[in-house]
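Summary of the model geometry
What follows is the residue order along each chain.
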Amino acid sequence: MARQKGISFEFDGELPGIYIFAMALSRIVITGVGLTAPNGNDIGEYRANLLAGKAGIQFMDLRYMGTVPAGICNYDALRYQKKKEVRIGTRAGSISVYCANEAVKHCGIDWETMDKSRVGVYVGTTEHGNVETENEIFNISKFDYDTKFWSHHHNPRTVANNPAGEVSLNMKITGPAYTMGAACAAGNIGVIQATQMLRLGEVDLALAGGVSESIHTFGIFAGFKSQGALATHEDPMKASRPFDVDRNGIVVSEGGCLYALERLEDAVARGARIYGEIAGYHINSDASDYVLPNPTRQTECMGKALERAGMAASDIQIVNTHATATPQGDIQECIAIAKVFENCPNTYINNTKSFIGHSMGAAGALELAGNLPSFDDGMVHATINLDNLDPDCALPNLVVNEPLAIKQVDAVLNNSFGMLGINSALIVKRYDA
Amino acid sequence: MTKDECKKLVLDIIADIAPDEDLSNVKSDVKLRDQLELDSMDFLDIVMELRKQHSIEVPEDQYEQLASLDSCAEYLTPKFNALV
């Protein structure tokens, strides 16, 4: 049992033997990043814009909703897909294909000779199929709802594994390729799944993270609006404002981020550059409400991730918050963070959604990617659009509006929480040989 | 509608369905699948677009009539002319 600042975290039961064996077996490292965000189409551009305070939210017109603020990506789909693939596939599939190819290129592995049956694709999604179903209903509405006009592409587009499946088709990957549905915790959970599968020896290279095509479904926007949780602002760049007293909800975004992950020994053997090491993680459930978060379970989640990493809270330099700019959710997370990181004067808090909105299934992975370069540049990107700090969100060391240079960043804890009470905390640390 | 006009109309549909293909030298008497990257789902797209754009139905047991541009023209031209 580990003790941290008076809070005890312990596993409820015995860990399975294979888990202990696997943990001892391999360290898992990040060797590549492929991403598209509303403010960048590779990690360099994305990081530069985060440090420059440049958001990526704009107004868009959406069926039935009118004009809404949204995070839209402008990656070059045709860099890796044929026009026909784009036409037949889904936006989530296209984003996944882009990110997966970029991750492989970034990690520098010899893809031509790689055994594709030993590559795994693990893509986190908040939801999938809403976009395609809404489009088909709209399509048949023009034909008096006659279902003979319903597309034969509907089922392959809407099966839950579609985004990962499109990657396997595009890149001729014959290993396991599937999605994890985990609401807005999904991006972290994609990386966690990859870590587990690499440790179990199921694959040799994992392409993992999360994606979102959610801006193309009016249902997501309408649902948040009905819930009183959809952001509005006269300036779209200011619409996503976590922790601000005037925040009024979520800016929905699309995007994706897939990492190339490998066992350390494999990465070292091929001389790969290592961007970070998976230090610890935890996933748990609130079991308390459909939508309202539960700070007690969030506290437990962060605590157990720290315990698994063998770290104290004070070993973390950056906590990247999940905060989505809903009035209640931000406060609940601040309560949880304050409890875990009390008396941690060298731990800094930031938020990436203030720049890119809530990229749903991609959020966890994209937000981690926004902070990964801090191991190299020692900078903590800010949370922007914070003009009037909500006193209930006044965490010590919240990095407000301007990035902060600190002595050294050795570990980042990335929170991602989702509806139905799924929580994830992922800790990535600087790689030391 | 002439058979040549019918062939052009089918090619216009294929241009949308297979946007990566060069359609400038499609041979009328050669099966479309033998000269273009078209699969069974693409032929279903052709059937769907004929239905949507032109209210023409191609029953499943007659899909083979769409094998080449010549067979398309032979089969579809009377259907188009019957619409007028």
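Quick caveat: nothing in here was measured; it's all calculated off a predicted structure.

Another point: the overall build of chain A. When its secondary structure is counted, chain A shows 15 helices and 17 strands. Taking 2.2 N^0.38 as the reference for a compact globule, 433 residues should give roughly 22 Å; the C-alpha atoms of chain A span a radius of gyration of 20 Å, in line with that estimate. Dimensions of chain A, computed from C-alpha atoms along their principal axes, come out at roughly 65 × 55 × 40 Å. Expressed as a percentage of the 433 residues in chain A, the buried residues total 55%. Once local pairs closer than 6 in sequence are excluded, the contacts in chain A between residues at least 24 apart make up 80%.

Quick look at the domain arrangement of chain A now. All names here are of chain A. Assigned domains of chain A: these are domain 1 (2-10 + 280-429) and domain 2 (28-269). On a C-alpha basis, the centres of domain 1 and domain 2 stand 22 Å from each other. Each partner contributes to the interface: domain 1 provides 53 residues, whereas domain 2 provides 57 residues. Elements that contribute at least two residues to the side of domain 1 that touches domain 2 include exactly strand S11 (276-285), helix H12 (327-340), helix H13 (353-356), helix H14 (363-371), strand S16 (411-418) and strand S17 (422-429). In terms of residue class, the side of domain 1 that touches domain 2 is made up of 28 nonpolar, 21 polar and four charged.

To summarise the sheet geometry, strands pair through backbone hydrogen bonds and adopt either a parallel or an antiparallel arrangement. All names here are of chain A. Taken together, the three strands give an open sheet; going across it, the order is S4-S5-S9, and neighbouring strands pair in mixed fashion. In this open sheet, the two strands that pair with only one neighbour each are strand S4 (57-62) and strand S9 (252-253). In this structure, S4 lies alongside strand S5 (residues 66-71), joined through six bridges in antiparallel fashion. From the neighbouring strand, Leu 62 faces S5, where its bridge partner is Gly 66.

With that settled, the discussion passes to the environment of A:Asp410. All names here are of chain A. The residue Asp 410 is located in the loop between strand S15 (404-405) and S16 in this model. For the pair Asp 410 and Lys 225, spaced 185 residues apart in sequence, the C-alpha separation works out to 39 Å. Leave out the neighbours within four places in its chain, and Asp 410 touches Gln 317, Lys 429 and Arg 430.

Turning our eyes to something else, we now look at helix H3 (residues 40-54) of chain B. Residues and elements named next belong to chain B. In a regular helix each residue adds 1.5 Å, so 15 residues correspond to 21 Å; H3 covers 21 Å between its end C-alpha atoms and thus fits that length. For H3, every residue scored as buried is listed here: Asp 45, Ile 46, Val 47 and Leu 50. Contacts made by the buried residues of H3 are with helix H1 (3-17).

Analysis parameters
Residues numbered from 1 in each chain as written. Chains lettered and ligands numbered in written order. Predicted model: local features only at pLDDT ≥ 70, side-chain atom pairs only at ≥ 80, totals over all residues. Helix = DSSP H or I, 4+ residues; strand = E, 2+ residues; numbered from the N terminus. Rg over C-alpha atoms; globule rule 2.2 N^0.38 Å. Buried ≥ 20, exposed ≤ 12 C-beta atoms within 10 Å, placed from the backbone. Contact = placed C-beta atoms within 7 Å. Domains from an automatic or database assignment. Nonpolar A, V, L, I, M, F, W, Y, C, P; charged D, E, K, R; others polar. Pairing = 2+ DSSP bridges. Expected span 1.5 Å × (residues − 1).

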